[in-house]
Amino acid sequence: MKILRKVDIKQEVFDLYDAYAHNKIQRRDFVQKLSVYAVGGITVASLMSFLMPNYETTFLVDKNNPDLDSEFITYNSPKGGGEIKALLSKPKLADGKLPGIVVVHENRGLNPYVEDTARRAALAGFITIAPDALSPLGGYPGNDDEGREMQRTRDRDEMLEDFIAAFEYLKTNENCNGKIGVVGFCFGGWISNMMAVKVPDLAAAVPFYGGQPTENIADINAPLMLQYAGLDERVNAGWPEYEKALKENNKKYTAFFYPDVNHGFHNTSTPRYDKEAAELAWSRTIDFFKENLM
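Just so you know, these numbers come straight off a predicted model, no measurement behind them. (Residues numbered from 1 in each chain as written. Predicted model: local features only at pLDDT ≥ 70, side-chain atom pairs only at ≥ 80, totals over all residues. Heavy atoms only, no water.)

**Details of unusual backbone geometry**
A positive phi angle, near 55°, is found at Asn 250, a position not held by glycine. Relative to the assigned elements, Asn 250 resides in the loop between α9 (239-248) and β8 (253-258). In this structure Asn 250 comes out as exposed when scored by relative accessible area, which is 71%. (Helix = DSSP H or I, 4+ residues; strand = E, 2+ residues; numbered from the N terminus. Buried < 20%, exposed > 50% of the residue type's maximum accessible area, 1.4 Å probe, protein only.)

**Quick word on the packing of aromatic side chains**
Under the defined criterion, the tally for this structure stands at 20 aromatic pairs. Ring plane angle 65° and centroid distance 6.2 Å describe the contact between Phe 126 and Phe 289, whose orientation is recorded as edge-to-face. Taken together, the residues span a long stretch of sequence, with Phe 126 in the loop between α4 (112-123) and β4 (127-131) and Phe 289 in helix α10 (residues 275-293) at a distance of 163 residues. Note on Phe 126: relative accessible area 0%, which makes it buried. An angle of 90° between the planes, with centres 5.9 Å apart, marks the rings of Trp 239 and Tyr 242 as edge-to-face. Linking Trp 239 with Tyr 242, this pair stays in helix α9, spanning 3 residues, or about one helical turn. The exposure class of Trp 239 is buried, given its relative accessible area of 8%. One aromatic cluster is present, formed by Tyr 113, Phe 185, Phe 208, Tyr 209, Phe 256, Tyr 258 and Phe 265 through successive ring pairs. For the cation-ring pair, Lys 85 lies above Phe 72, with the distance from its terminal atom to the ring centre recorded as 4.5 Å. The ring of Phe 256 has Arg 284 lying over it, and the distance from NZ or CZ to the ring centre is 3.8 Å. (Phe/Tyr/Trp six-rings, centres within 6.5 Å; stacked < 30°, edge-to-face > 60°. Lys NZ or Arg CZ within 6 Å of the ring centre and 35° of its normal.)

**What to know about the environment of Val 31**
Of note, Val 31 is situated in helix α2 (residues 27-34). In sequence terms Val 31 and Val 44 are 13 residues apart; their C-alpha atoms lie 7.2 Å from each other. When residues no more than four places from it in sequence are discounted, the contact partners of Val 31 are Val 44 and Met 48. (Contact = heavy atoms within 4.5 Å.)

**Section: the pairing of strand β1 (residues 68-77)**
Where β1 and strand β2 (residues 82-91) come together, 10 bridges link them in antiparallel fashion. Bridge pairing links Asp 69 to Lys 90 in β2. Between the end of β1 and the start of β2, which pair antiparallel, lie 4 residues. (Pairing = 2+ DSSP bridges.)

**Remarks on the pattern of salt bridges**
Inspection of every chain in the model, using the stated rule, returns 13 salt bridges. Taking the shortest distance from any N to any O, the salt bridge between Asp 69 and Lys 92 comes out at 3.8 Å. With Asp 69 in strand β1 and Lys 92 in the loop between β2 and β3 (98-104), the pair connects residues that are 23 residues apart, well separated along the chain. A residue is classified by how much of its surface remains accessible, and Asp 69, at 32% relative accessible area, is partly exposed. For Lys 92, a relative accessible area of 39% gives the class partly exposed. (Salt bridge = Lys/Arg side-chain N within 4 Å of Asp/Glu carboxyl O.)

**Considerations on helix α6 (residues 156-171)**
Over its 16 residues, α6 extends 23 Å from the first C-alpha to the last, a length consistent with the 22 Å expected when each residue adds 1.5 Å. Among the residues of α6, those classed as buried are Met 159, Leu 160, Asp 162, Phe 163, Ile 164, Ala 165, Ala 166, Phe 167 and Leu 170. (Expected span 1.5 Å × (residues − 1).)

Okay, structure coming up:
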């Protein structure tokens, strides 16, 4: 079997994966369409294997890092799914109360990549909470395919309430200074945008390639840093109207478009990951939170 590299894969294949990962096409159709690109020693099986997440070797933070206090907790989301499981992380040797960040997963539950991201943010000097919106269904099932199917059965507005409840949990946590931001990816990017609309005292929001709100933009108080992938036509289509509304309502925002990268470019576990763009976007995110939360 030919060993695949990112440069071997046509953009159309990444577009197909995006459609599959966002429930636009079924797995059977995805596999069938991939067969068109199985040429020159590349098999459908090798394409599938290459595109699927790898959580074994892509962590950026050791889950047992001695500089972290990281544990799973539960909190109550009375307007959402009830009892929600979440990863709560903070630096072990924190001096005083810390600013908080709600870390919001993609459309497949709290998978290892998002856990890793929450720990990474904590090491930068924050207390972070990463909820699992699949908690009412038993939690992230251990693979993304099942996670996506499970998440599709939940109402997204109820899931939004779960993350708003996480904000409220952090706000009253004894280790938090009360200044809280949100960062989210894909579905989590939409949640981040919507929390900016719904939570008056949210202090900062960083949606990564997230769907845009279309109503009540005037209610946004938090400064926004919006991270977009240059090749992500699906999500980027909503940006012009959102930017127009932000400008009309005199909202504070900065938007970055990273050229020649795909939706999911921050996710270390798939070949859509782009190290240069991801590291730049993350450094900007942390600097933005330090500016607005500390």
